[in-house]
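Per-entry structural report
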Amino acid sequence: MTFVEIPIGPQHPALHEPILLRLKVDGEEVIDSEISTGYNHRGVEKLLEKNTWIKSIYISSRICGICNAVHMQTYVQGIERLLGIEPPPRANYIRTIVMELERIHSHMLLFAVMAETIGFDTLFMIVMKDRERVMYLKDLVTGNRVHADIHIIGGVKRDIDDSKKEVILKELAYIEQRVKDYKKIMHEDYTFQKRLVNVGYVSRNYALKNSLVGPPARASGIPYDIRALEPYAAYSEIDFRVVTREEGDSWSRMMVRLDEISESIEIIRQALSKLPQGSIALKTIPRVVKQGEYISRVEAPRGELIYHIVSRGGSTPYRVKVRTPSFFNVLNTEKLFIGHKLADVPVILVSFDPCISCMERVLLIEDKDKPRYLTLKQLSRWQPK
Amino acid sequence: MEELGNECSLQPIGPYRYQCIIEKEKIRGLAHRLSAMETTFLLLTATDYPDEKKFELTYVFWNHASKSLIIIKTHVNRDSPQIDTISDLFPGATYSEAEAYDLVGVDFIGNPHIKRGIFAPTDVVEKGIFPLRKDSGV
Amino acid sequence: MKLSMLKEALTNIIKKPITKAYPITKRDIEIPESHRGLHYVDFSKCTGCSLCAIDCPSNAIQMTKIELKLGTNPKNLYPIINYEKCVFCCHCVYICPVKAYITTNNFELVESPGTTSLSFSMKNLQRGEIK
């Protein structure tokens, strides 16, 4: 059989982060695929081991730009369980609000990227314009558009007052209306129907065997949501629905995300109305963690995020293993492209919400030299030793 | 949970969390039983303990029926770090095993994706360093 | 929805471009008061405990000896933030036992290499002395 091997990436207009797909194509049809990674290594796991507990919570939040508060929550929650302390209830509610704001803007970003991938640039612009309002809310609550950095061991750093509450509720009402419009587009628009329906089908069994997590699993009919199964932060006191669909194609994965935005808005409203009074953090920040280990699980926007924290006492962690949702959702679906047209490959990949920098985290070689300043010209000619 | 009784004794370590420590030879048999029980593979951590001359492997599974987390720990010798793969029973574990090999150096016999350089950069691979070992000097 | 999208697209054709030649014509971007921007130390409050320098995740804070002889700081050690290294997590602001940090929402930090908080802190100190 004759085939042509086509590399997509590591840098490619259709992909937004560096990853290499090696596709064997016969005509337009993909007959084999392979994913190559390793372009985004930053050595975070080693870096976490080398820094103190307090420094490392800020490093953990820098693993991923989009889901930074969730990374921080997972790590801080693990440390708190190891220490045997519980943050005040008000801190738990504020954490929940920040994480749900993050889920909203993450899902909106993916919806925009999907619109761009299928060639619907007007929608991309409109969604990104609406997303900016959510980013403003995050800025208002946490102090930065992207990096929340609001968690601290035993609480949160910033409080939400009444004036902020009002702004959040006002903006959320607008976002809710817009999300309804997006859902209408998903149902009615010709482009979305043609490009997404029945593309990249994942059966329930495939999702179970290949450990898919998050919206891809829920779109295949598995109600796997850590918020409901093992409630953390304030989720045990909040009433919400786990969104599942049965279709299992790219379209249903996008619809699950859009439905989750509506659920998140509802969760934030409930959390704001139930916000208990009291302090937002414990008085002292512990600096030494006793021996033990804990597997900390949190539902990130992309799926389940796990931190396995091993402590042998002392001021630094002994081993931190980070299992991000994209690790399974991207790598384990590499054979899913087989049988599809070449033009569908970016659509399928985007529908799994790939976050490559999340996925690869691990490796850093310490440069023993002093820091150097390079001009742009030098940098372009720079080669690793 | 009772089906696992012969292979290992699950100790509850928290709400809906069970843990057991087994010998490395038993991992295939246990994975067989788990894969028949609608279980999802979640996590594989390899931790280096140079003082005790061993690697600790932590497998984490989620059982959908009983909604509980099953943590299985096993140890491999540091001088000959080899263990049977479970990637044919749990395809989801393929890349986790590949990552454990690439960064810590535990060999999973029978995993087709085992090779250096999937996650580690090429200059580290050329030197033969496993970066997440404690004595790697990274 | 299609109609509203069309309306939005058409109004945007008539509108002036929303992008501006930024440093020349300043746009009044709405930044919340609570935005984590430039922060510096009030030297008159600092006791030189070095807690911020120990905890700083990016090692951006250097404790430096400055002979100010204000009385509150027996060792005359004052934290100076290197803004090139700073990640603006504001852990130092939170951790400070005497709340000596002054925060602003100023995000325009582009200056010459090696910008530190020393000049801001000294200016603040002089202002205080005039009062």
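Residues numbered from 1 in each chain as written. Chains lettered and ligands numbered in written order. Predicted model: local features only at pLDDT ≥ 70, side-chain atom pairs only at ≥ 80, totals over all residues. Heavy atoms only, no water.

1. Thoughts on the overall build of chain C
We count it as follows: Each helix is a run of H or I in the DSSP string that is no shorter than four residues. Each strand is a run of E no shorter than two, and both are numbered from the N terminus. Only C-alpha atoms enter the radius of gyration, while the globule expectation follows 2.2 Å times N to the 0.38, with N the number of residues. Here's how the labels work: a residue is buried when its accessible area is under 20% of the maximum for its type, exposed when over 50%, partly exposed in between, all with a 1.4 Å probe on protein chains only. Contacts are assigned to residue pairs with any non-hydrogen atoms lying within 4.5 Å of each other. Here Asp and Glu are counted as negative and Lys and Arg as positive; His is not counted, and neither are the chain ends. Lysine's charge is taken at NZ, arginine's at CZ, aspartate's at CG and glutamate's at CD.
For chain C, the count of helices and strands is four helices and four strands. Sequence-ordered secondary structure for chain C, helices as α and strands as β, is α-β-α-β-β-α-β-α. Taking 131 residues into account, the globule formula puts the C-alpha radius of gyration at 14 Å, and chain C, at 21 Å, lies well above it. Principal-axis analysis of the C-alpha atoms places the extent of chain C at approximately 70 × 30 × 30 Å. By the burial criterion, 37% of the 131 residues in chain C qualify as buried. Sequence separation of at least 24 residues holds for 73% of the intrachain contacts in chain C that already meet a minimum separation of 6. Separation between the mean location of the 17 positive side-chain charges and that of the 11 negative ones in chain C comes to 3 Å.

2. Notes on the overall build of chain B
In plain terms, the rule: The protein chains shown are the only cover counted for residues, whose accessible areas, like all others here, come from Shrake-Rupley with a 1.4 Å probe.
What chain B contains, in helices and strands, is three helices and seven strands. Expected size for 138 residues packed as a compact globule is a radius of gyration near 14 Å; at 15 Å, chain B falls within 12% of this value. When the backbone C-alpha atoms are referred to their principal axes, chain B occupies close to 45 × 30 × 25 Å. Split into buried and exposed, the 138 residues of chain B put 57% on the buried side. Excluding contacts between residues fewer than 6 apart, the proportion of contacts in chain B whose partners are at least 24 apart in sequence is 52%. Surface exposure of chain B reaches about 5600 Å², of which carbon and sulfur atoms provide 49%.

3. Topic: the pairing of strand E5 (residues 68–77) of chain B
Residues and elements named next belong to chain B. Put simply, the rule reads: In this scheme, strands are said to pair when DSSP sees at least two bridges between them.
Within E5, eight of the 10 residues are buried, which leaves the element mostly enclosed by the surrounding structure. In terms of strand pairing, strand E4 (residues 54–63) meets E5 through 10 bridges, oriented antiparallel. What sits directly across from Thr 58, in E5, is Lys 73.

4. Details of the arrangement of the chains
Taken together, the two pairs of chains in contact show their highest number of contacts between chains A and B. One finds no contact linking chain B with chain C; the least C-alpha distance across the pair is 19 Å.

5. A few points about the sheet that holds strand E1 (residues 4–8) of chain A
Residues and elements named next belong to chain A. Under the convention used in this document: Axis geometry follows a simple rule: fit a line to the C-alpha atoms, using only the stretch in contact for helices, then measure angles between N-to-C directions, giving values from 0 to 180 degrees.
Strand order in this open sheet of three strands is E1-E2-E3, and the pairing throughout is antiparallel. Bordering the open sheet on either side are E1 and strand E3 (29–36), each of which pairs with just one other strand. On average, each strand axis in the sheet is inclined to that of its neighbour by 20°, with strand direction left out of account. Both strand E2 (residues 20–26) and E3 contribute to a ladder of seven bridges, which runs antiparallel. The residue of E3 that forms the bridge with Leu 23 is Ser 33.

6. A word on the interface of chain B and chain A
Interface size, as often reported, equals the accessible area lost upon joining of the parts. Convention followed: Accessible-area loss on putting two parts together, using a 1.4 Å probe and summing over both, is the definition of buried area adopted here. We count a salt bridge whenever a side-chain nitrogen from Lys or Arg sits within 4 Å of a carboxyl oxygen from Asp or Glu. N or O atoms closer than or at 3.5 Å make up a polar contact, with two conditions inside protein: a donor-capable atom paired with an acceptor-capable one, and, for residues adjacent in sequence, both atoms drawn from side chains.
Chain B puts 47 residues into the contact, and the matching count from chain A is 41 residues. Summing both sides of the interface, chain B and chain A together bury roughly 3900 Å²; the carbon and sulfur share of this comes to 56%. Between chain B and chain A we count seven salt bridges in total. Between Glu 52 of chain B and Arg 312 of chain A there is a salt bridge, and its shortest N-O distance comes to 3.0 Å. Linking chain B to chain A there are 17 residue pairs in polar contact (both at pLDDT 80 or more).

7. Here's the deal with the side chain of Ser 117 of chain C
Looking at the secondary structure, you find Ser 117 of chain C in the loop between strand E4 (101–103) and helix H4 (118–130). Setting aside residues no more than four positions away along its own chain, Ser 117 of chain C makes contact with His 39, Tyr 40, Pro 79, Ile 80, Ile 81 and Tyr 83 of chain C.

8. Some details on helix H5 (residues 121–142) of chain A
Applicable threshold: For a helix, the expected span equals 1.5 Å multiplied by the number of residues minus one.
Helix length check: H5 of chain A (22 residues) gives 31 Å between terminal C-alpha atoms against 32 Å at 1.5 Å per residue, within 8%. In the segment just after H5 of chain A, Gly 143 of chain A is the residue with positive phi, at about 105°.

9. Some remarks on the sheet that holds strand E7 (residues 303–311) of chain A
Strands in a sheet are paired, the pairing made by backbone hydrogen bonds, and the direction either parallel or antiparallel. All names here are of chain A. Read from one edge of the open sheet, three strands run E6-E7-E8, paired in antiparallel fashion. Strands with a single pairing partner mark the edges of an open sheet, and in this sheet they are strand E6 (292–300) and strand E8 (319–323). Strand-to-strand twist across the sheet, computed as the mean angle between neighbouring axes with direction ignored, equals 10°. Where E6 and E7 come together, nine bridges link them in antiparallel fashion. Across the sheet, Ala 300 pairs through a bridge with Gly 303, a residue of E7.

10. As for the interface of chain A and chain C
Listed per partner, the contact involves 32 residues of chain A and 24 residues of chain C. Taking both sides of the interface into account, the surface hidden between chain A and chain C amounts to around 2400 Å²; carbon and sulfur atoms contribute 54%. Run the count over chain A and chain C and you get two salt bridges. Between Arg 36 of chain C and Asp 149 of chain A there is a salt bridge, with its nearest N and O atoms 3.8 Å apart. Viewed at the interface, chain C and chain A are joined by 13 residue pairs in polar contact (both at pLDDT 80 or more). With eight residues, H5 of chain A is the largest single contributor of residues to the side of chain A that touches chain C.

11. A word on unusual backbone geometry
The backbone of Asp 149 of chain A shows a phi angle near 50°, a positive value even though the residue is not glycine. Along the chain, the position of Asp 149 of chain A falls in the loop between H5 and strand E4 (151–152). Here the phi dihedral of Glu 38 of chain B falls at roughly 55°; this positive angle occurs in a residue that is not glycine. When you line up the elements, Glu 38 of chain B lands in the loop between helix H1 (27–35) and strand E3 (39–49).

12. Thoughts on the confidence of the model for chain C
Residues and elements named next belong to chain C. The condition that has to hold: Think of pLDDT as the predictor's per-residue confidence, scored from 0 to 100.
On average, residues of chain C score 82 in pLDDT, and 92% of them reach the 70 mark or higher. The secondary structure element of chain C with the lowest average pLDDT is H4, at 78, and the one with the highest is helix H3 (residues 91–95), at 90. Both scores are available for the predicted complex, with the pTM at 0.89 and the ipTM at 0.90.

13. Digging into the pattern of salt bridges
All names here are of chain B. Inspection of the entire model under this criterion finds 40 salt bridges over all chains. Residue Asp 88 is joined to Arg 28 by a salt bridge in which the shortest nitrogen-to-oxygen separation is 2.9 Å. Of the two residues, Asp 88 is situated in the loop between strand E6 (82–84) and helix H2 (94–103) and Arg 28 in helix H1; the sequence distance between them amounts to 60 residues. Exposure remark for Arg 28: the relative accessible area of 25% places this residue in the partly exposed category. Linking Lys 54 and Glu 52 is a salt bridge whose minimum nitrogen-to-oxygen distance equals 3.0 Å. Judged by its relative accessible area of 42%, Glu 52 falls in the partly exposed class.

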